[in-house]
Amino acid sequence: MLIVSTINALNDILINLKGKSIGFVPTMGALHEGHLSLIQKSNQKADITICSIFVNPTQFNQQADFDQYPKTVDNDIRLLKNNNCSILFLPAINEVYPNGYNSLNTYNLGFIENLLEGKYRPRHFQGVCLVIEWFLKIIPADYLFLGQKDYQQCMVIKQLLNIIQLDKKPSIEIMPTLREQTGLAMSSRNSRLNHDERISATFMYKALFYIVENLKPGNEVECIEHASQLLLSNGFDKVDYITIADAKTLEIVHIWDGETHLVVLGAAFINDVRLIDNLLFPK
Ligand code: AMP
């Protein structure tokens, strides 16, 4: 695996790869099986897999969350080598933001920017778009691998690809959420949970699954309230949202017609660790 940290070094490699298809897997590191499933899928589909590790400051709305984001680069390198990643791109902050954080681009993302994650993490998706555009301007990816775990982010990045100019637009490949046996969605942030908190964290999956199992037209509010209570009575400290939305548009569904495909989404805190998850319904 080649490891590079500058645009120039990456370009020198890319010049020699003309004609090969490229799969790109952007990450913030602290890699787990979920990330590796994206690498494995990219290896199947593309000739070359490029993984980036960059903890992007502009997508964090709280400095403490950015500062505490887990960093395990040596282990990440080992995992990527074991999973036959071709290139690891590890840019420094001043490579991505050479002019600091002033005069950055703003993207018109429509209504999906300001609901759910966007409501609780103002400017989060603007930051995501800045870094994804930056990467895609450098990496002529044929495929962009993303995880369903970040459902709204997938929709935002689809929208981003509609509004930016790129020499080549990658096709977006969305991979299912990898879970532990308990149902807990794998996440870099799980490493900040102690033993008991990790058990509590499994209630995020249980709460969303409760809705999937019990939702009928007419009992939407009841299901959401029960799911929120399940979190709060099992170790979660604060629920940002538990919501049912149209799986295609992400419009919130207050009254379900019994047919529209749905996504059930949740975000909640255990101490200061914020966990998100979602389930599609019907599968
Ligand atoms: P992150 O490092 O959290 O920014 O995630 C990098 C990519 O991995 C994103 O596309 C995530 O949606 C995806 N990802 C994170 N967790 C999982 C998971 N449990 N299963 C599958 N993909 C995931």
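Residues numbered from 1 in each chain as written. Predicted model: local features only at pLDDT ≥ 70, side-chain atom pairs only at ≥ 80, totals over all residues. Heavy atoms only, no water.

Caption draft 1: Up close: helix α10 (residues 220-232). Look at α10: 19 Å from first C-alpha to last across 13 residues, which is about the 18 Å you get at 1.5 Å a residue. E220, C223, A227, S228 and L231 are the residues of α10 that are buried. Down the axis of α10, the smallest arc covering the buried residues is 130°, so these residues share one side. Opposite the buried face of α10, at more than 90 degrees from it, the exposed residues are V221, E222 and E225. Each element contacted by the buried residues of α10 is listed here: α9 (195-214), β7 (238-246) and β8 (262-270). (Helix = DSSP H or I, 4+ residues; strand = E, 2+ residues; numbered from the N terminus. Expected span 1.5 Å × (residues − 1). Buried < 20%, exposed > 50% of the residue type's maximum accessible area, 1.4 Å probe, protein only. Arc of directions from axis to C-beta. Contact = heavy atoms within 4.5 Å.)

Caption draft 2: Fine view of the sheet that holds strand β2 (residues 22-27). Strand order in the open sheet formed by six strands is β1-β4-β3-β2-β5-β6, with parallel pairing between adjacent strands. A single partner strand is all that each edge strand has here, and the edge strands are β1 (2-4) and β6 (171-175). Across the sheet, the axes of successive neighbouring strands diverge by a mean angle of 25°, strand direction being ignored. With three bridges connecting them, β1 and strand β4 (residues 87-89) associate as parallel partners. If you follow V4 over to β4, its bridge partner there is F89. Taken strand by strand, helix α2 (residues 33-45) contacts β2, β3 (48-53), β5 (143-147) and β6, and its axis lies near 155° from that of β5. Where helix α4 (residues 73-82) meets the sheet, its contacts fall on β1, β3 and β4, and the angle it forms with β3 comes to roughly 170°. (Pairing = 2+ DSSP bridges. Axes fitted to C-alpha atoms, helices over the stretch in contact; angles between N-to-C directions.)

Caption draft 3: Representation of the environment of L130 in the model. By secondary structure assignment, the location of L130 is in helix α7 (residues 124-138). With 23 residues separating them in the primary sequence, L130 and Y107 have C-alpha atoms 8.5 Å apart. When sequence neighbours within four positions are dropped, the list of residues in contact with L130 reads T58, Y97, L104, N105 and Y107.

Caption draft 4: Expanded view of the packing of α9 against α10. Their axes nearest at 9 Å, the elements α9 and α10 cross at an angle of 160°. Between α9 and α10, the crossing angle belongs to the class labelled roughly antiparallel. The two elements α9 and α10 cross, and the hand of that crossing is right-handed. Where α9 abuts α10, its residues F203, M204, K206, A207, Y210, I211 and N214 lie against C223, I224, H226, A227, L230 and L231. (Parallel < 35°, antiparallel > 145°, perpendicular 65-115°, else oblique. Left-handed = near helix turned anticlockwise from the far one by under 90°.)

Caption draft 5: Quick peek at the site of the ligand. Residues in close proximity to the ligand total 16 residues, the closest being M28, H35, D150, L178 and M186. Within the contact set of the ligand, an oxygen atom lies 2.9 Å away from a side-chain nitrogen or oxygen of H35. Here an oxygen atom of the ligand and a side-chain polar atom of D150 are 2.6 Å apart. Across the complex, the protein chains shield 92% of the 490 Å² of accessible surface that the ligand would expose by itself. When residues of the shell around the ligand are traced back to their parent elements, those giving at least two are β2, α2 and β5. Split into classes, the residues belonging to the shell around the ligand amount to eight nonpolar, six polar and two charged. (Near = heavy atom within 4 Å. Polar contact = N/O pair within 3.5 Å; in protein donor to acceptor, adjacent residues only side chain to side chain. Areas by Shrake-Rupley, 256 points an atom, 1.4 Å probe, with all protein chains shown as cover. Nonpolar A, V, L, I, M, F, W, Y, C, P; charged D, E, K, R; others polar.)

Caption draft 6: Geometry of the side chain of N278. Among the structural elements, N278 can be located in strand β9 (residues 273-281). At a separation of 3.2 Å, a polar atom in the side chain of N278 contacts the main-chain carbonyl oxygen of K149. The residues contacting N278, other than those within four sequence positions of it, are Q148, K149, Y151, R179, L208, V263, V264 and L265.

Caption draft 7: Looking closely at the pattern of salt bridges. As enumerated under the stated definition, the model contains eleven salt bridges in all. The residue D65 makes a salt bridge to R121 at a minimum N-O spacing of 3.9 Å. Of this pair, D65 sits in helix α3 (residues 63-68) while R121 sits in the loop between α6 (117-120) and α7, and the two are 56 residues apart along the sequence. Each member of the pair, D65 as well as R121, is classed as buried. (Salt bridge = Lys/Arg side-chain N within 4 Å of Asp/Glu carboxyl O.)

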